[in-house]
Amino acid sequence: MWPSIQHGGCKILRHSIPNLLRLLSIIFTLARHGALEPVFILVRGSSRLAFLVWVGRIFQALMFQGNKHERRGERLRKALTHLGPAFIKFGQTLSTRSDLIGEEMAADLAMLRDRLHPFPYKIVRQTIKKELGQELEAFFADFNPTPVSAASIAQVHFARLKKPLANNIEEVAVKILRPGIEQSFLQDMTLFTWLAQLLNRLVPKLRRLRLLDITKTFTEVMEREMDLRLEAAAAAELGKNFEGDISYKVPVIDWRYTSQRVLTQERLRGCNIDDKDAIVKAGFQIDAVLQNAAEVFFKQVFRDGYFHGDQHPGNLFVTVNGHMGAVDFGIMGRLDKKSQYYLVDMLLAFLERDYLKVAKVHLNAGYIPPDTSLENFAQSCRAIGEPIFGLSLNEISLANLLTQLFRLARTYHMEIQPQLLLLQKNMLMAEGIGRSLNPNLNIWVLIRPMITDWMRENRGVEARLINMAEQGIKLVEKIPVLMTKLEQSLDLWRQQAAITQCHSNTRYRWLRQVNGTLLWSAIFALAAWLIFHP
């Protein structure tokens, strides 16, 4: 269904005319918003496009209708909003790549809001009937025809079940995909792929940005969001991780009424986590809410290695019980043990001001090339870390530390893992929520005891010995397999040697036969000559 991502140029001209027309429309929109500058920066230095850049600057000067004092990121954000759903989503994805577009522009794009006009209730009814097999009245005792939210991919309606879920859950939220959304995104994905291939051909220096990989990742994310069963599965997995833990509420999924285009889940009641007045009015302590939120974040990242990937205030709630709740599980992140160890070891080395150790952590993790000068990398890390130690605890931002570190990617050809970029984005959002509720409190200080316990269990001397023992056991367990492979290799070698010897013997016998034949032929020829020529 989705466009193939190929690095060759054989498919670049496919659908060229529609893509060119769409591209001209996009350029026109970007020029009106004064948002072509990022494009100029992207292709800067390309002799092939120098004339087009010059023409583009003149065109933008003539067409620009916005505020000249706005930042480039603000202009681009408005232009992407005007261009529609796929571009909004693409902008949100780019906001996680501060290593590519810079911290300021990433912060501006992170403010993109995915809101559109709702589609008609008639289509909601048609979709439910087609997906679930009957009219919605067969499943819901009550269904609000007015959506509570409408975004580019889907909209959400509140309803009440006829047959309650476990624990007598009746109130649900029903999410329905927009009609024709798959085809719309397919067209835009085709354009993005074509454009990435074209830029790779015309501007070779852009290949280091791995535009095709970015487009491929974005396509995979969108594929997941187009199947609401995958979102339901993500919610179920996250809920399983917090089973028996009342600190975090994940909506229960009603699998009876969930399909590719319809998702039915428990309705959460509460107030948005950044609504300070509502939280206080509900009788909850702000610091207690932040404490719980920080602990939940830590549990997701370091206990489970599986975290909500879009933790903006609209997706997080303080429930009626004072606990934390979440919705919208279309984007999720995973952090394996290797990434967890890298993150903790790196942050500790920064806090110890051991910048050479920071460099070695990156080298051992494989994030910088082996030929990187550790001394130079350590010096760059020092420039990032030293300013932190002049700040008070409530002013220190670990997310900003990661942001500045990832900005070294271009200079040192760092391979930044996508899950770390997604984590950094969510850390920024968590810090923003914390400061909006209590500017004098650093949420990471609140979970210091949890960090200490995790370090002792995972990075302490005892933990390292246990890890070494486990690695040794794994190696011992592999020995029979390795011995079997070695025996197979030896058998294969013996067979090849035997075949070679057989071929040699065959050649030898053939040569002997040929030589004998030639010898007897010569004897007969000589005898005939003697007989007939006395």
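Preceding this paragraph is the structure being described.
These numbers were taken from a predicted model, which means no experiment stands behind them. (Residues numbered from 1 in each chain as written. Predicted model: local features only at pLDDT ≥ 70, side-chain atom pairs only at ≥ 80, totals over all residues. Heavy atoms only, no water.)

Comments concerning the environment of Asp 336
Okay, so step 1: Residue placement: Asp 336 occurs in the loop between β11 (332-334) and α14 (337-351).
Okay, so step 2: For Asp 336, a relative accessible area of 43% corresponds to the partly exposed category.
Okay, so step 3: C-alpha of Asp 336 to C-alpha of Asp 304: the two residues are 32 residues apart in sequence and 9.1 Å apart in space. (Helix = DSSP H or I, 4+ residues; strand = E, 2+ residues; numbered from the N terminus. Buried < 20%, exposed > 50% of the residue type's maximum accessible area, 1.4 Å probe, protein only.)

Concerning the nonpolar core
Okay, so step 1: Counting residues in each nonpolar core, the largest one holds 112 residues, and the members touching the most others are Tyr 342, Leu 343, Met 346, Phe 350, Phe 377 and Leu 405.
Okay, so step 2: For this core, the element with the highest residue contribution is helix α13 (residues 286-304), accounting for 10 residues.
Okay, so step 3: The residues touching Met 346, leaving out its near neighbours within four places in the chain, are Val 358, Val 361, His 362, Leu 402 and Leu 405.
Okay, so step 4: Counting 17 residues, the second-largest nonpolar core is a separate cluster that includes Phe 139, Leu 165, Ile 169 and Ile 176. (Core = buried A, V, L, I, M, F, W, Y, C linked by side-chain atoms within 4.5 Å. Contact = heavy atoms within 4.5 Å.)

Describing the pattern of salt bridges
Okay, so step 1: On inspection of all chains with the given rule, the structure shows 23 salt bridges.
Okay, so step 2: For Lys 249, the salt bridge is made with Glu 266, and the minimal N-O distance between the two is 3.2 Å. One end of the pair, Lys 249, is in strand β5 (residues 248-249); the other, Glu 266, is in strand β6 (residues 262-266), and 17 residues separate them in sequence.
Okay, so step 3: Relative accessible area serves as the criterion here: at 30%, Lys 249 is assigned to the partly exposed category.
Okay, so step 4: Bridged by salt links that share partners, the residues Arg 125, Lys 129, Glu 135 and Glu 137 form one connected network. (Salt bridge = Lys/Arg side-chain N within 4 Å of Asp/Glu carboxyl O.)

Notes on unusual backbone geometry
Okay, so step 1: Located in the positive-phi region is Asn 167, a residue other than glycine, with phi close to 60°.
Okay, so step 2: Tracing the chain through its elements places Asn 167 in the loop between β3 (154-161) and β4 (171-177).
Okay, so step 3: In this model, Asp 328 sits at a positive phi of 65°, which is unusual for a non-glycine residue.
Okay, so step 4: For Asp 328, the position within the fold is in the loop between β10 (324-326) and β11.
Okay, so step 5: What makes Asp 328 partly exposed here is its relative accessible area of 26%.

Some details on the packing of α13 against helix α21 (residues 448-458)
Okay, so step 1: One can describe the packing of α13 onto α21 by two numbers: an axis separation of 10 Å at closest approach and a directional angle of 20°. One way to sum up the angle between α13 and α21 is to call them roughly parallel. Taken as a pair, α13 and α21 cross one another with a handedness that is right-handed. Contact residues: Glu 295, Phe 298, Lys 299 and Phe 302 in α13; Met 450, Ile 451 and Trp 454 in α21.
Okay, so step 2: Residues of the contact of α13 with α21, tallied by class, amount to 5 nonpolar, no polar and 2 charged. (Axes fitted to C-alpha atoms, helices over the stretch in contact; angles between N-to-C directions. Parallel < 35°, antiparallel > 145°, perpendicular 65-115°, else oblique. Left-handed = near helix turned anticlockwise from the far one by under 90°. Nonpolar A, V, L, I, M, F, W, Y, C, P; charged D, E, K, R; others polar.)

Some points on helix α4 (residues 72-83)
Okay, so step 1: In this model, α4 (12 residues) spans 16 Å end to end at C-alpha, consistent with the 16 Å of a helix rising 1.5 Å per residue.
Okay, so step 2: Within α4, burial applies to Gly 73, Glu 74, Arg 75, Leu 76, Arg 77, Ala 79, Leu 80 and Leu 83.
Okay, so step 3: The positive-phi residue at the C-terminal boundary of α4 is Gly 84, with phi of around 115°. (Expected span 1.5 Å × (residues − 1).)

Remarks on the sheet that holds β5
Okay, so step 1: Reading across the sheet, the 4 strands line up as β5-β10-β9-β7 and stay open at both edges, with mixed pairing between neighbours. Two strands bound the open sheet, and with one partner strand each, they are β5 and β7 (270-272).
Okay, so step 2: With 2 bridges joining them, β5 and β10 adopt parallel strand pairing. Within β10, the residue paired with Lys 249 across the bridge is Gly 325.
Okay, so step 3: Contacts from α13 reach β5, β9 (316-319) and β10, with the element oriented near 50° to β10. (Pairing = 2+ DSSP bridges.)

As for the pairing of β9
Okay, so step 1: With burial as the criterion, each face of β9 is covered, one bearing Leu 316 and Val 318 and the other bearing Phe 317 and Thr 319.
Okay, so step 2: Inspection of the sheet shows β7 paired to β9 by 3 bridges, in the antiparallel sense. Residue Gly 270 lies in a different strand from β9, and its bridge partner there is Thr 319.
Okay, so step 3: Sheet analysis places β9 next to β10, joined by 3 bridges and oriented antiparallel. Bridge pairing in β10 places Val 318 opposite Met 324.

A few points about a nonpolar patch on the surface
Okay, so step 1: Taken together, the side chains of Ile 17, Leu 21, Leu 24 and Ile 27 define a hydrophobic patch exposed on the protein surface, amounting to about 410 Å² of accessible area.
Okay, so step 2: You can see Leu 24 is positioned in helix α1 (residues 16-32).
Okay, so step 3: For Leu 24, a relative accessible area of 55% puts it in the exposed group. (Patch = residues over 30% accessible without salt bridge, like charges linked within 9 Å, V, L, I, M, F, W, Y side chains within 5 Å. Areas by Shrake-Rupley, 256 points an atom, 1.4 Å probe, with all protein chains shown as cover.)

Some details on the packing of aromatic side chains
Okay, so step 1: On inspection of all chains with the given rule, the structure shows 15 aromatic pairs.
Okay, so step 2: Considering the side-chain rings of Tyr 341 and Trp 454, the 6.1 Å spacing of their centres and the 55° angle between planes classify their relative orientation as tilted. Taken together, the residues span a long stretch of sequence, with Tyr 341 in helix α14 and Trp 454 in helix α21 at a distance of 113 residues.
Okay, so step 3: Residue class for Tyr 341 comes out buried when judged on its relative accessible area of 18%.
Okay, so step 4: Summarising the aromatic geometry, the rings of Phe 377 and Tyr 412 are spaced 5.0 Å apart at their centres and angled 80° between planes, so their arrangement reads as edge-to-face. Taken together, the residues Phe 377 in helix α16 (residues 374-385) and Tyr 412 in helix α18 (residues 409-412) connect sequence positions 35 residues apart.
Okay, so step 5: Looking at Tyr 412, the relative accessible area reads 12%, which means it is buried.
Okay, so step 6: Taken together, the ring pairs connect Tyr 121, Phe 139, Phe 140, Phe 143 and Tyr 257 into an aromatic cluster. (Phe/Tyr/Trp six-rings, centres within 6.5 Å; stacked < 30°, edge-to-face > 60°.)

Some words on helix α11 (residues 228-241)
Okay, so step 1: When the terminal C-alpha atoms of α11 are compared, their 20 Å separation across 14 residues agrees well with the 20 Å that a helix rising 1.5 Å per residue should span.
Okay, so step 2: Those residues of α11 not exposed but buried are Leu 228, Glu 231, Ala 232, Ala 234, Ala 235 and Leu 238. Projected down its long axis, α11 carries its buried residues within an arc of 160°, all on one side. (Arc of directions from axis to C-beta.)

Things to note about the pairing of β6
Okay, so step 1: Taking burial as the measure, the 5 residues of β6 include 5 buried ones, the bulk of the element.
Okay, so step 2: Pairing geometry for β4 and β6, over 5 bridges, is antiparallel. What sits directly across from Lys 175, in β6, is Leu 263.

Here we look at the environment of Ile 176
Okay, so step 1: Its place among the elements puts Ile 176 in strand β4.
Okay, so step 2: The buried category is assigned to Ile 176, whose relative accessible area is 0%.
Okay, so step 3: Between the C-alpha atom of Ile 176 and that of Val 156, which follows or precedes it by 20 residues, the distance is 6.5 Å.
Okay, so step 4: Setting aside chain neighbours within four positions, we find Ile 176 in contact with Phe 119, Val 124, Thr 127, Phe 143, Ile 153, Ala 154, Gln 155, His 157 and Arg 261.

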